[in-house]
Amino acid sequence: MTDDGSEPEGRPLGRRAFFALVGAGLSSLAWGGSALDLASKSTLIVPEPLRAAIPVGQGWRIYAVNPPYPRFDPLGWRLRIEGLVARPQTLTYAELLALPQADQTSDFHCVTGWSVEGVRWRGVRFADLLAAAAPLPAARALAFVSAERPYVDTLTLGQALAPDAMLAHAMDDRPLTRPHGAPARVVMPRMYGYKGVKWLERIVVTDRVADGFWEQRGYDRDAWVGGSNGL
Amino acid sequence: MTATRGSAARMVSDGPRVVRFGRTERTLHWVHASSFLAMFATGLVLYLPLLAQVLSDRPLMKALHLVAATVWLTALALIALLGNRRALRRTRRDLERFTADDLRWLRRQPAPQGRFNAGQKAHASVQAALAVLFTVSGALLWLGERNTDFRLPGTIALHDVAMFAGGALVAGHIVMAFATRPALEGMLHGTVPADWAAENHAKWTPAPPAPHAPAGIVRIALAITVATAGLTGALLLAGDALG
């Protein structure tokens, strides 16, 4: 019966569709990530810049500010360490791999809401990386310059010396791939991913910490996971 | 059926008109529409790196997104509490019930339609479900920033897919609205030309507007509580996001 006393006509298919959609949608909280991931794998034929512009899928979402991604040339690549150091360094890829190596498994959190748990990283702790360059007493911060212009981000020396911060060159037991920043990227698990500069080519030791690419665009410099960017 | 899709555009007449939407339904529609557009625009900036670089104020975009979400949910609750509930119930019933004619219409066979055609009914059901899914996944995203344990595997996928689906539906809806001027007038002013209604919604007998039983003291008290809570929440979220 209805308000005006007439029998309603038809069947409540719209209401059923509503409940079915809500149910399917809520259940997708468990499976939707992997389903979208599969779907996004089937879009690999789409040009890289477009895929970078419209992120889909769970797990890694590759953001680039100036696609296409920089290309890694194993012979020509150099990592320069300069600024407030006693002995500026220029490392080849082989020299980076020859430094003391560290392994860790840590979670990766992006400020836009996605996370990848249990990523296996292999790389060099910043203490070992900076040892030969010998930062001067005035050194307070590191600026990480990417080959992807104009991306740059910074950490204080204290943050960079965190026991789980490193310059990684391998992820999940394979050398870093091009989308993940080959050949080397910053890993700082306690902060959101935009602090993890990819395609690193230069580290400048400075006496004060400066704003990185996204910080100049309103994001927090101290990008603590669970404690920054509007919490 | 085809008349609704296009040829009706130039049928606007000065003749007699019939009431299709009361004030409550129109308020509900425009609150929902403007909130959706506000959240869609700010959400795209939060989602697309390219836009984030151009508009470049994440805290502001996030504050606007969260305030729009809070104002939207508060306004929906206020409309449910203070609006013409009989009219809302009648509209819901008109939207959610499908007749044999509706199913024929969906198969693109000529079939007389009621107050809403089957496409409009389907659209409303999907949009209502999307509203629920946006709210749940959005709340989970907000919680996931506080504690990453709340980052469920499908939260982002659900919010994104809902955004793509909602965006496509709304785009189609806007195109249809401008292609069907009498229908657009109905949502703007409440009335549609009687001859247009007779042709496109032949099974609809425009009933006099359902009488509006004013809200009692309990519902007014509830509404004041909801409005206060919503306003406080919006201010807290804005302050939070803007740091």
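Look above for the structure.
Residues numbered from 1 in each chain as written. Chains lettered and ligands numbered in written order. Predicted model: local features only at pLDDT ≥ 70, side-chain atom pairs only at ≥ 80, totals over all residues.

Participant: Report on the overall build of chain B, specifying residues and quantitative values.
Facilitator: Each helix and strand in chain B was counted, giving ten helices and two strands. Ordered by position from the N terminus, the helices and strands of chain B form the series β-α-α-α-α-α-α-α-α-β-α-α. Counting the 243 residues in chain B, one finds 35% classified as buried. (Helix = DSSP H or I, 4+ residues; strand = E, 2+ residues; numbered from the N terminus. Buried ≥ 20, exposed ≤ 12 C-beta atoms within 10 Å, placed from the backbone.)

Participant: I'd like a rundown of the overall build of chain A, residues and numbers included.
Facilitator: In terms of regular secondary structure, chain A is built from five helices and ten strands. In terms of C-alpha radius of gyration, chain A reaches 23 Å, well past the compact-globule figure of 17 Å for 231 residues. Taking the principal axes of the C-alpha coordinates as reference, chain A spans close to 90 × 35 × 30 Å. Expressed as a percentage of its 231 residues, the buried residues of chain A come to 37%. Contacts spanning at least 24 positions in sequence make up 61% of the contacts within chain A whose residues lie at least 6 apart. (Rg over C-alpha atoms; globule rule 2.2 N^0.38 Å. Contact = placed C-beta atoms within 7 Å.)

Participant: Got a sec to walk through the sheet that holds strand S6 (residues 152-156) of chain A? Specific residues and values, please.
Facilitator: All names here are of chain A. Sheet architecture is open: five strands sit in the order S2-S1-S10-S5-S6, paired in mixed fashion. Two strands in the sheet have a free side with no partner beyond their single neighbour: strand S2 (89-92) and S6. Put simply, the sheet's adjacent strands are angled 20° from each other on average, direction ignored. Taken together, the four bridges between strand S1 (residues 78-83) and S2 define a ladder with antiparallel strand orientation. Residue pairing for S2: Leu79 is matched across the bridge by Leu91. (Pairing = 2+ DSSP bridges. Axes fitted to C-alpha atoms, helices over the stretch in contact; angles between N-to-C directions.)

Participant: Account for unusual backbone geometry, with residues named and values stated.
Facilitator: Residue and element names in this part refer to chain A. Backbone torsion omega between Arg149 and Pro150 reads -5°, so that peptide bond is classified as cis. Assignment of secondary structure puts Pro150 in the loop between strand S5 (141-146) and S6. Cis geometry marks the peptide bond from Ala182 to Pro183; its omega dihedral reads 5°. The topology assignment puts Pro183 in the loop between strand S8 (174-175) and strand S9 (185-187). The phi dihedral of Ala134 falls on the positive side, at around 55°, and the residue is not glycine. In this model, Asp173 sits at a positive phi of 70°, which is unusual for a non-glycine residue.

Participant: Account for the packing of helix H3 (residues 58-82) of chain B against helix H10 (residues 217-242) of chain B, naming residues and giving values.
Facilitator: Residue and element names in this part refer to chain B. At a minimum axis separation of 8 Å, H3 and H10 run at an interaxial angle of 175°. Here H10 runs roughly antiparallel to H3, going by the angle between their axes. Among the residues making up the contact of H3 with H10, the classes are represented as 19 nonpolar, four polar and two charged. (Parallel < 35°, antiparallel > 145°, perpendicular 65-115°, else oblique. Nonpolar A, V, L, I, M, F, W, Y, C, P; charged D, E, K, R; others polar.)

Participant: Tell me about helix H1 (residues 23-47) of chain B, and please be specific about residues and values.
Facilitator: All names here are of chain B. With 25 residues, H1 should cover 36 Å at 1.5 Å per step; its first-to-last C-alpha distance of 35 Å lies within 8% of that length. Burial in H1 covers these residues: Thr24, Glu25, Leu28, Phe36, Met39, Thr42, Gly43 and Val45. Along its buried surface, H1 packs onto helix H2 (49-55), H3, helix H4 (85-96) and helix H7 (155-179). (Expected span 1.5 Å × (residues − 1).)

Participant: Mind laying out the nonpolar core, listing which residues take part and the relevant values?
Facilitator: Ranked by internal contacts, the top residues of the largest apolar core, which has 44 residues, are Met166, Leu167 and Ala168 of chain A. Here Leu167 of chain A is in contact with Gly123, Val124, Phe126, Leu129, Ala184, Val186 and Leu200 of chain A, once residues within four sequence places are set aside. Counting residues in each nonpolar core, the second largest holds 14 residues, with Trp114 of chain A together with Ala129, Ala157 and Leu158 of chain B among its members. (Core = buried A, V, L, I, M, F, W, Y, C linked by C-beta atoms within 7 Å.)

Participant: Describe the interface of chain A and chain B, and please don't skip the residues or the numbers.
Facilitator: Tallying the contact residues gives 44 residues for chain A and 51 residues for chain B. With 17 residues, helix H1 (residues 13-41) of chain A is the largest single contributor of residues to the side of chain A that touches chain B. Looking at the side of chain A that touches chain B residue by residue, the classes come out as 21 nonpolar, 17 polar and six charged.

Participant: Break down the packing of H1 of chain B against H3 of chain B for me, citing the residues and quoting the values.
Facilitator: All names here are of chain B. Relative orientation of the contacting elements H1 and H3 amounts to 160°, with a least axis distance of 9 Å. Taken together, the axis directions place H1 and H3 in an arrangement best described as roughly antiparallel. For the element pair H1 and H3, the recorded crossing hand is left-handed. Two secondary-structure elements touch here, H1 through Thr24, Thr27, Leu28, Val31, Ser35, Ala38, Met39, Thr42, Gly43, Val45 and Leu46 and H3 through Arg58, Met61, Lys62, Leu64, His65, Ala68, Ala69, Val71, Trp72, Ala75, Leu76 and Ile79. (Left-handed = near helix turned anticlockwise from the far one by under 90°.)

Participant: Account for the environment of Ser125 of chain B, naming residues and giving values.
Facilitator: Tracing the sequence through the fold places Ser125 of chain B in helix H6 (residues 118-146). Distance in space between the C-alpha atoms of Ser125 of chain B and Ala215 of chain B is 27 Å, their sequence separation being 90 residues. Once residues lying within four places of it in the same chain are set aside, the contact partners of Ser125 of chain B are Gly14, Ala17 and Phe18 of chain A together with Glu96 of chain B.

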